[in-house]
Amino acid sequence: MSVVTIAREGNIAVVTIDNPPVNALSQAVRQGLVDAVSELDGDPDVSAVVLVCAGRTFIAGADVSEFDKPPQPPHLPDVVSTIELAAKPWIAAIHGSALGGGFEVALGCRFCLATADASVGLPEVTLGIVPGAGGTVRMVRLADVEAVVDLVTTGKPVRAPRALELGLIDRIIEGDLRAAAIAFARDALSRPLPQPLSLRPAPTVPVAFWVETEAAVAKRARGEVAPLRALACLRRATETDFAAAMQFERATFLELRASEQAAALRHVFFAERAAPRPAGLSGVQALPLRNAAVIGGGTMGAGIAAALRDAGLPVILIERDDAAVERGIANLRDIFAGAVKRGRLSEAAAEARLAGVTGSTDYAALADTDLVIEAVFEELLVKRQVFEQLGRVCRPDAVLATNTSYLDPQAIAEGLPNPGRFIGLHFFSPANVMRLLEIVPTPQTDDATLATGFALARMLGKVPVRAGICEGFIGNRILKRYRAEAEALVGQGVAIAAVDAAMRGYGFAMGPFEAQDLGGLDIAFLQREGARAAGRDVPETLGDILVRAGRKGQKTGGGWYDYKPGDRRPVPSDEVTRLLGARIEPGAALDAEAIADRLVGAMAREGEAILAEGIAEKAADIDLVEIHGYGFPRWRGGPMFSTRSTLT
Ligand code: T1G
């Protein structure tokens, strides 16, 4: 069955692409389109052509899975030009998403129609590349350059109403898209056709605009190359003729396509798509998720409840007394108010979110709840008491989950009737924002419960990663190793600020010491003290010395750095040098690259141990944990990917 077919509706031909799952522009699709142009140009009965796609979306771009192979003809720029300069006008009829090469094909058509819920965009920079089929060159000839710069250098698609506002599409279609496009085509033939974009002049843009924008894009990119290269393509498109600009864009595309950053971002792209559907659970039916409850309305509990509400689930919030219930509801109100302030929610939507939360102190309210997530204080006894009550009141098939980040889930579930329904669901703060969800089954957890954990992740738009049971699961275990290695560098005489600067240079938003000052040094300290009290031999760390001296981070005006009152900028501290002096033995000076290699190497080695112990199923899972839970720069691909050729 050909992936490109042609039907005729009177004098209008309808070309349909049917290449599941997302009509990517594989070689066969590209060839099919070129063949369609020559066939229809040669058909005297055809006056115009409507391009539609079967399935859930218009063309989602070039076939990313082809990127590791040499490009095959017909090359996409030629396909787009062939459509653009066809003897009969082509009209793109978009539903779902028209992204990357998909929108470039649409830009090659004389007209662009879309359903109201469709989205269009050029997300190539999210794959470490730039548009490679005229996206930068044609788009500046169609819409406001500032808006185009934002779209192309961020890679963020826009919905049809905004695309219409920007002039990127010609009309929004309600109802039957195919029929409306055919009618539109007939009508368009009665008027002069707009000029193909390649024949339109480029806008003149002041040099100052490019200089300013380059600085802003560079700041945001933090070492990522593609956004700046995309900007250079846009500038070239306004400063040279069409052919020269196309050549520049294509050369940039081919160069970046073969780059390490693009390989890393493709790795993450496919890992993210594989994560919600683990192979081991195919065919396992998840349990129904119609409602949920959260035990504990603190920062984590409220964040989890907000995430559940964002997915449309009614939520019961349980707390130990009325005052605590009030505080929990207030935390939720703040979360939704914050979303309104950031323009993510309307006032009405925020109210509706909150209205869907019922606060209670009565566990009996959970008698018919499908899923309960416990998020109370990180103490075994407290958590056990919660599950004792849940074991008494919940349905035997209700999924019972703990949000513990350090305790052994098996110990929490001890004595729970029907332990097959118990699972660890480790969210990251803020739980309604952070995309990572560590799913931690116990040996008793049954497949239906595990599948329900993954189904919940899909429902919440989270990136789920299955983790085995060990201290800190995957993420916090690697964090512990990362911090220990950072401290070892300080012990070797490397300046605290130099370590942080090296990791910011590597692409992190913050270095390990700045991040600890923000979160508080006392969290990890209390864990170590807990382990020491339990009789485990835990050596005194540099961080412990600081906490014992009252330095817990920003909240005490000082941790690894000093902070002026009301100022969050870290200041290197003489007090810290004095406190840690005895533990520092100056060693070889290390430059930023060596520091980053050392720390990322340590993370990857811990990752290797985690894989060897079966705590993680595959290296890509560890990369997803680090990227979506710990701020590892996405364009590096994660610690396992970025060290795949160096780790010995
Ligand atoms: N190529 C190959 N496979 C793709 C693909 C693509 N472009 N997009 C999606 N898939 C696969 C994906 O791996 C998954 O497979 C299945 O489709 C469903 O995807 C020259 C060079 C369109 C919004 O960056 O953003 O064009 O896991 O789970 O949530 O300038 O997919 O089922 O086996 O994501 O409904 C630019 C990427 C390419 C868009 C649908 N395009 N795709 O989301 O489904 S570069 C993109 C998406 C380019 C030109 C350049 C989303 C989606 P599997 P899914 P979804």
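Before reading on, note that the structure itself is shown above.
Only a predicted model underlies this, so the values are computations on that prediction, with no experimental measurement involved.

Thresholds, definitions, all that
- Residues numbered from 1 in each chain as written.
- Predicted model: local features only at pLDDT ≥ 70, side-chain atom pairs only at ≥ 80, totals over all residues.
- Heavy atoms only, no water.
- 1 Å grid on protein atoms, 1.4 Å probe; cavity = no way out; pocket = protein on both sides within 12 Å on 5 of 7 lines; lining within 4 Å.
- Points joined across faces, edges and corners; volume = space filled by probe spheres on them.
- Helix = DSSP H or I, 4+ residues; strand = E, 2+ residues; numbered from the N terminus.
- Nonpolar A, V, L, I, M, F, W, Y, C, P; charged D, E, K, R; others polar.
- Near = heavy atom within 4 Å.
- Polar contact = N/O pair within 3.5 Å; in protein donor to acceptor, adjacent residues only side chain to side chain.
- Buried < 20%, exposed > 50% of the residue type's maximum accessible area, 1.4 Å probe, protein only.
- Contact = heavy atoms within 4.5 Å.
- Pairing = 2+ DSSP bridges.
- Axes fitted to C-alpha atoms, helices over the stretch in contact; angles between N-to-C directions.
- Parallel < 35°, antiparallel > 145°, perpendicular 65-115°, else oblique.
- Left-handed = near helix turned anticlockwise from the far one by under 90°.
- Phe/Tyr/Trp six-rings, centres within 6.5 Å; stacked < 30°, edge-to-face > 60°.
- Lys NZ or Arg CZ within 6 Å of the ring centre and 35° of its normal.

Caption draft 1: The arrangement of empty space enclosed by the protein in detail. Here the structure, examined in full by the defined rule, presents 1 cavity of 30 Å³ or more. Lining the largest cavity are A275, P278, F454, P464, V465, R466, E617, K618 and D621. For the lining of the largest cavity, the element with the highest residue contribution is strand β17 (residues 463-466), accounting for 3 residues. Residues belonging to the lining of the largest cavity are distributed by class as follows: 5 nonpolar, no polar and 4 charged.

Caption draft 2: Fine view of the site of the ligand. Lining the immediate surroundings of the ligand are 26 residues, of which A62, G101, E104, E124 and R273 lie closest. A60 has a polar backbone atom sitting 2.8 Å from a nitrogen atom of the ligand. One of the side-chain N or O atoms of E104 is found 2.6 Å from an oxygen atom in the ligand. Sorting the residues of the shell around the ligand by element identifies β5 (97-99), α3 (101-108) and α11 (260-274) as the ones contributing at least two each.

Caption draft 3: Highlighting the side chain of T449. Looking at where T449 falls in the secondary structure, it is placed in helix α17 (residues 447-460). With a relative accessible area of 1%, T449 lands in the buried category. In this structure, T449 is in contact with L287, V399, G420, R421, F422 and I423, ignoring residues within four places of it in sequence.

Caption draft 4: Helix α25 (residues 619-629), seen in detail. Taking burial as the measure, the 11 residues of α25 include 10 buried ones, the bulk of the element. Burial in α25 covers these residues: A620, D621, I622, D623, L624, V625, E626, I627, H628 and G629. Its buried side turned inward, α25 meets α11, β16 (436-441), β17, α18 (475-491), α24 (592-612) and α26 (639-642). Following α25 by one or two positions, G631 has its phi on the positive side, about 70 degrees.

Caption draft 5: Layout of the environment of E146. Note that E146 resides in helix α5 (residues 145-154). On a C-alpha basis, the gap between E146 and T213 in space is 9.2 Å, while along the polypeptide they are 67 residues apart.

Caption draft 6: Examining the sheet that holds strand β8 (residues 158-159) more closely. If you trace the 3 strands from one edge of the open sheet to the other, you get β5-β7-β8, paired in mixed fashion. The strands lining the two open edges of the sheet, one partner per strand, are β5 and β8. One ladder, built from 2 bridges, connects strand β7 (residues 119-121) with β8; its direction is antiparallel. In the strand pairing of β8, V120 is matched with V158. Sitting on the sheet, α3 touches β5 and β7, and the angle it makes with β5 is about 90 degrees.

Caption draft 7: Structural view of the packing of helix α13 (residues 322-341) against helix α14 (residues 347-355). Their axes nearest at 9 Å, the elements α13 and α14 cross at an angle of 155 degrees. In terms of axis orientation, α13 runs roughly antiparallel to α14. Our pair here, α13 against α14, has a crossing hand that is right-handed. Along the contact surface, α13 presents I329, L332, R333, F336 and V340, while α14 presents E347, A350, R353 and L354. Residue composition of the contact of α13 with α14, by class: 6 nonpolar, no polar and 3 charged.

Caption draft 8: Local environment of the sheet that holds strand β1 (residues 4-9). Pairing within the open sheet is mixed, and its 6 strands lie in the order β1-β2-β3-β4-β6-β9. Two strands lie at the open edges of the sheet, namely β1 and β9 (171-173), each paired on one side alone. Here the average twist between neighbouring strands, direction ignored, is 25 degrees. Pairing between strand β6 (residues 111-115) and β9: 3 bridges, direction parallel. Note that in β9 the partner of L113 across the bridge is R171.

Caption draft 9: Highlighting the packing of aromatic side chains. Tallying each qualifying case throughout the model produces 11 aromatic pairs. Consider the rings of F428 and Y630, whose centres lie 5.6 Å apart with planes at 75 degrees: the pair is edge-to-face. Pair noted here: F428 is in the loop between β15 (422-427) and β16 and Y630 is in the loop between α25 and α26, with a separation of 202 residues, a long-range link. As far as the burial class goes, F428 and Y630 line up, both buried. The side chain of R236 reaches across the aromatic face of F248, ending 3.9 Å from its centre.

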